[in-house]
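# Geometric and topological summary
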Amino acid sequence: MTRQINLEEKFSNYKSGNTGQCHICKYSHKNKSLFHRHHITYFPENIITVCETCHWNIHHAWIKYDLIKFTPPKGDAKKFYGGEE
Ligand SMILES: [Zn+2]
Ligand SMILES: [Zn+2]
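Residues numbered from 1 in each chain as written. Chains lettered and ligands numbered in written order. Predicted model: local features only at pLDDT ≥ 70, side-chain atom pairs only at ≥ 80, totals over all residues.

## Side note on the overall build of the protein
Counting its secondary structure elements, the protein contains 3 helices and 2 strands. In the protein, the order of α-helices and β-strands from amino to carboxyl end is α-β-β-α-α. Burial analysis of the protein (85 residues in total) assigns 15% to the buried set. Long-range contacts, defined as pairs at least 24 residues apart, comprise 51% of the intrachain contacts of the protein with a sequence gap of at least 6. (Helix = DSSP H or I, 4+ residues; strand = E, 2+ residues; numbered from the N terminus. Buried ≥ 20, exposed ≤ 12 C-beta atoms within 10 Å, placed from the backbone. Contact = placed C-beta atoms within 7 Å.)

Set out below in structure tokens:
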């Protein structure tokens, strides 16, 4: 799980689309670097802007917060980033 976040951070600026507002809690800030971009799905590519807290919740506490709809299908992240699977 930690590895997936690192990969997203590494690629987080390769495409524009950071809205400066969290898609989940609606927190917004003019400093867009506070936000992360999270893949809902990889095929097709579907990205939302989220704050750091919500991003952590998606990857680590999605059952508690009912965020499963924001979790990409298992294995897709590896496929997308050309992992070793
Ligand atoms: Zn948020
Ligand atoms: Zn993510």
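## Points about helix H2 (residues 52–60)
Within the span of H2, buried status applies to Cys54, His55 and Ile58. For H2, the arc enclosing every buried residue in end-on projection is 105 degrees, short of the 170-degree limit, so these residues lie on one face. (Arc of directions from axis to C-beta.)

## Details of the nonpolar core
Formed by Cys22, Phe35, Val50, Cys51, Cys54, Ile58 and Phe70, the largest nonpolar core amounts to 7 residues. Breaking this core down by element, the ones donating at least two residues are strand E2 (46–51) and H2. The residues contacting Phe35, other than those within four sequence positions of it, are Asn18, Gly20, Cys22, Thr49, Val50 and Cys51. (Core = buried A, V, L, I, M, F, W, Y, C linked by C-beta atoms within 7 Å.)

## With respect to unusual backbone geometry
For the peptide bond that leads from Phe43 to Pro44, omega is 0 degrees, which places it in the cis range. Position of Pro44 relative to the elements: it lies in the loop between strand E1 (35–41) and E2.

## Details of the confidence of the model for the protein
Within the protein, residue pLDDT values average 82, and 78% of them lie at 70 or more. When pLDDT is averaged over each element of the protein, H2 comes out on top at 94 and helix H1 (residues 2–10) at the bottom at 52. (pLDDT = per-residue confidence, 0-100.)

## Structural notes on the environment of Phe43
For Phe43, the location among the structural elements is in the loop between E1 and E2. Along the primary structure Phe43 and Lys79 are separated by 36 residues, whereas in three dimensions their C-alpha atoms are 9.7 Å apart.

## Section: the pairing of E1
For E1, the buried fraction is high: 5 of the 7 residues fall into the buried class. Pairing of E1 with E2, which is carried by 6 bridges, proceeds in the antiparallel orientation. Across the sheet, residue Arg37 finds its bridge partner in E2, namely Thr49. Linking E1 back to E2 in an antiparallel pair, the connection comprises 4 residues. (Pairing = 2+ DSSP bridges.)

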